[in-house]
Amino acid sequence: MSTDVELAITGMTCASCANRIERKLNKLDGVTATVNYSTEKAKVSYPDTVSTDDLLKTVEAAGYAAALPTPPSVQAPAEPERDPLLQRLLVSTLLSIPVVALAMVPAWQFTYWQWASLALAAPVVVWGALPFHRAAWTNLRHGATTMDTLVSVGVLAAFGWSLWALFLGTAGEPGMTHPFRISIDRTDGAGNIYLEAAAGVTTFLLAGRWLEHRSKRQSGAALRALLELGVRDAGVLRDDASGGRSEVRVPIDQLVVGDEFVVRPGEKVATDGEVLEGTSAVDASMLTGESVPVEVRPGDLVVGATVNAGGRLVVRATRVGADTQLAQMARLVEDAQNGKAEVQRLADRVSGVFVPVVIGLAVATLGFWLGAGGGATAAFTAAVSVLIIACPCALGLATPTALMVGTGRGAQLGILIKGPKVLESTRRVDTIVLDKTGTVTTGEMAVHDVVAADGESVDDVRRLAAALESASEHPIGRAIAAMSEDTMNVIHLGIRSPRPQVSGVEDFANVAGLGVQGIVEGHAVVVGRPRLLADWSQHLDASLAAAVDRAHGEGRTPVAVGWDGKARGVIVVGDTVKPSSAEAIARLRDLGLTPILLTGDNEAAARSVAAQVGIETVVADVLPAEKVAEVQRLQAAGKVVAMVGDGVNDAAALAQADLGLAMGTGTDVAIEASDLTLVRGDLLVAVDAIRLSRRTLGTIKGNLFWAFAYNVAALPLAATGLLNPMLAGAAMAFSSVFVVTNSLRLRGFRSSI
């Protein structure tokens, strides 16, 4: 029998660290582990013969730290501390700018400028680059090399050689300058310093590391936002001294199963429970995806964090704390994030080969020159030149510059991209799963049709129903009442006429779960379910019955209207498809994506919407956990899945998908769990998001290619001792300028809208 546990891992600096920990854990008998660098979590399945202490010790033996975290459903994750990389980056940037400027502009090189550069560069190399040095040392202890190794060795080599040249060579003499001369010749290096390379590379790579770290810290925000949906306290009914019952506000964590609490109109339900008193409509769309509010009465179950849209309810708690549906969804989100396959940074992937080759070439260069009798100074100059020229200056700019320009352009277009790993997913996506309510549709109830019985006026049906429902708090009633707030396009004999205004409502009464009734303009008006009119012996004629059947077939809600003893019409209410949805689906197909509609709403409503926008595959009546299972099923079938949603019920599926896109008009939970946020809430923006992400990824790949090509091309010159320091500096500057310029091309990206 195996047990599952989740470990919180600290100390990882790149994807190769996660791979190393995973290999170490999987070597234990019966242990199956997956380590996610993005969320810094290890999901481990282990047998009874292995203890959690064994797992923790194995991680520590690999050079990292591990702990058993507190379940998020019991205690909300603490706010992350201030990122120490930000302070390190800012200080390093301020110190590096003058060092690089002095080295590259000979006219600014005053007397003893080299010593001023040393004073400014030393803190950057020692303190600013400390994360790279620490990671390189950890990797060295375990016989591994990563890009951190190359950065640390290159920076220390450049700095160490500069110290040698300043104190033991001729670089420290008064009046020493670095003329801007590009030539290929041999030099003993005694008069050359590389402080700008050491400080500049450190700062550039700190910028990239900080951007990556900032995006990683978002992983816990979805859980915080989800748990914050719940209420802080509840009005619990307690027996008082007089023998009656009074309402007492208690913190939500003190609520126990069996407590009875009050939910007033507009309030959130405190926890999962059963309705004891009252009737109302509960808006559960953010949890279930149902666009139509759910009618509840005594005996019905309600879910915590849903909103009471109607009357006062008394609810008995049936599940509290970690057992509630909200807490279960929090676990779903975290599991989906932790199990999400991490897309490694491109630089990390090549570093496994590039770093050992460069270090080996530097050692070989040193050995060759010493063996050839070239002298120790020339030999060390060539060897150090190999390390310096290989240090990835442009590589440090490749990802962050393209990402900054791409995300900046995206923000202008209403697209928020959360990190570099998002971009890799967009290239491979072939299936896009769409939530219905709030994504393809507006998520708001609206009147779609008004049908009048034979001999009746559509205007009269609309006017009297809107007048009566103006006194209602029900969401469907509000949609009908909204008809009286604006001028509707009433086409009658080709004339657009405004709706007549109505007088007040008298003797208004709400019939629990069925509808409303009252006196309007002297007429006894009844609006609600056909059953309510039947109770008043007002039966629908054939045309109205057909309208009701047609509405049900389209997944919409028919509301019957009658007055003065006769059924007069039917008003069809339902969710509305966004105007741009059909065009967006067509453009997504043009990008090579297969659309699938996935919703918690009923089958009829889902099929109706799918037909309007051109989606053939529909999966309806699914719970949040089933949404995750459907995404997993598609992934198991070899599909690379993008998910677009906006509700709490979509959050876990958004996290599970290879690419999650959240509507910015949706809930904070969905936004935090996603990879891309569409600020404008328009599905057409999803098309732009995928196009921009793919373009940005292509730019990053181009940057990486040229950054490595520069290093590879310059290595032979360095190894043969022909690399003049000014040529190296100019080449490094050119490669950096090229990378930045190439990234700036993303500013020309145009929206397809």
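Residues numbered from 1 in each chain as written. Predicted model: local features only at pLDDT ≥ 70, side-chain atom pairs only at ≥ 80, totals over all residues. Heavy atoms only, no water.

A.B. asks: Got a sec to walk through the packing of aromatic side chains? Specific residues and values, please.
C.D. replies: Aromatic ring pairs: the centre-centre distance and the angle between the two ring planes describe each pair. Overall, the coordinates contain three aromatic pairs when judged by the stated rule. Here tryptophan 115 and phenylalanine 167 contribute two aromatic rings whose centre-to-centre distance is 5.2 Å and whose plane-to-plane angle is 75°, an arrangement assigned as edge-to-face. Within this pair, whereas tryptophan 115 is found in helix H4 (residues 113-128), its partner phenylalanine 167 is found in helix H6 (residues 147-167), the two being separated by 52 residues in sequence. On the basis of relative accessibility, which here comes to 53%, the residue phenylalanine 167 falls in the exposed class. Aromatic pair phenylalanine 368 and tryptophan 369: ring centres 5.7 Å apart, planes at 80°, arrangement edge-to-face. For tryptophan 369, a relative accessible area of 13% puts it in the buried group. Note that arginine 88 overlies the ring of tryptophan 127, its terminal NZ or CZ placed 4.9 Å from the centroid. (Phe/Tyr/Trp six-rings, centres within 6.5 Å; stacked < 30°, edge-to-face > 60°. Helix = DSSP H or I, 4+ residues; strand = E, 2+ residues; numbered from the N terminus. Buried < 20%, exposed > 50% of the residue type's maximum accessible area, 1.4 Å probe, protein only. Lys NZ or Arg CZ within 6 Å of the ring centre and 35° of its normal.)

A.B. asks: Give a description of a nonpolar patch on the surface that names residues and reports values.
C.D. replies: A grouping of Val91, Val126 and Trp127 is seen on the molecular surface, where their side chains present a nonpolar patch of about 250 Å² in accessible area. Positionally, tryptophan 127 belongs in helix H4. (Patch = residues over 30% accessible without salt bridge, like charges linked within 9 Å, V, L, I, M, F, W, Y side chains within 5 Å. Areas by Shrake-Rupley, 256 points an atom, 1.4 Å probe, with all protein chains shown as cover. Salt bridge = Lys/Arg side-chain N within 4 Å of Asp/Glu carboxyl O.)

A.B. asks: Explain the nonpolar core residue by residue, including any values.
C.D. replies: With 46 residues, the main nonpolar core has Ile193, Leu195, Val358 and Val386 as its most contacted residues. Of all the secondary-structure elements, those providing two or more residues to this core are helix H3 (84-104), H4, H6, helix H7 (195-216), helix H11 (346-371), helix H12 (376-390) and helix H25 (683-719). A per-element tally of this core places H6 first, with nine residues. Counting 38 residues, the second-largest nonpolar core is a separate cluster that includes Ile585, Leu593, Ala606 and Ile690. (Core = buried A, V, L, I, M, F, W, Y, C linked by side-chain atoms within 4.5 Å.)

A.B. asks: Which residues make up the UniProt feature "transmembrane region" (unreviewed entry) in the chain, and what are the values?
C.D. replies: Per the UniProt record, "transmembrane region" (unreviewed entry) is found at residues 89-106, 112-130, 150-171, 191-211, 350-372, 378-399, 703-720 and 726-744. Within the segment residues 112-130, helix and strand shares are 89% and 0% respectively, and the terminal C-alpha atoms sit 27 Å apart. Within residues 703-720, the helical portion is 94% and the strand portion 0%, while the C-alpha atoms at the span's ends are 27 Å from each other. (UniProt positions renumbered as here; feature names shortened; annotations may be inferred.)

A.B. asks: I'd like to hear about the layout of surface pockets, residue by residue, with values.
C.D. replies: As a volume, the second largest pocket reaches approximately 880 Å³. Taken together, 50 residues form the lining of the second largest pocket, with Glu295, His474, Ile476, Arg529 and Thr557 sitting closest to its centre. With four residues, helix H21 (residues 603-613) is the single largest residue contributor to the lining of the second largest pocket. (1 Å grid on protein atoms, 1.4 Å probe; cavity = no way out; pocket = protein on both sides within 12 Å on 5 of 7 lines; lining within 4 Å. Points joined across faces, edges and corners; volume = space filled by probe spheres on them.)

A.B. asks: Go over the pairing of strand E26 (residues 641-645) with me, naming the residues and quoting the values.
C.D. replies: Burial within E26 is extensive, with five of its five residues counted as buried. Side chains of E26 alternate between two faces, with Val641, Met643 and Gly645 and Ala642 and Val644 buried alike. Sheet analysis places strand E15 (residues 431-434) next to E26, joined by four bridges and oriented parallel. Bridging from a neighbouring strand, isoleucine 432 pairs with alanine 642 of E26. With four bridges joining them, E26 and strand E27 (residues 659-663) adopt parallel strand pairing. In the strand pairing of E27, valine 644 is matched with leucine 661. Each parallel crossover has a hand, and the one from E26 via helix H23 (residues 648-656) to E27 is right-handed. (Pairing = 2+ DSSP bridges. Right-handed = clockwise from strand over helix to strand, strands pointing away.)

A.B. asks: Can you lay out the sheet that holds strand E9 (residues 280-283) for me, pointing to particular residues and giving the numbers?
C.D. replies: The sheet built from three strands is open, its strands ordered E10-E9-E12 with antiparallel pairing. At either margin of the open sheet sits one strand with a lone partner, and together these are strand E10 (294-296) and strand E12 (307-308). Bridging between E9 and E10 involves three bridges; their strand directions are antiparallel. Paired with serine 280 across the bridge in E10 is valine 296.

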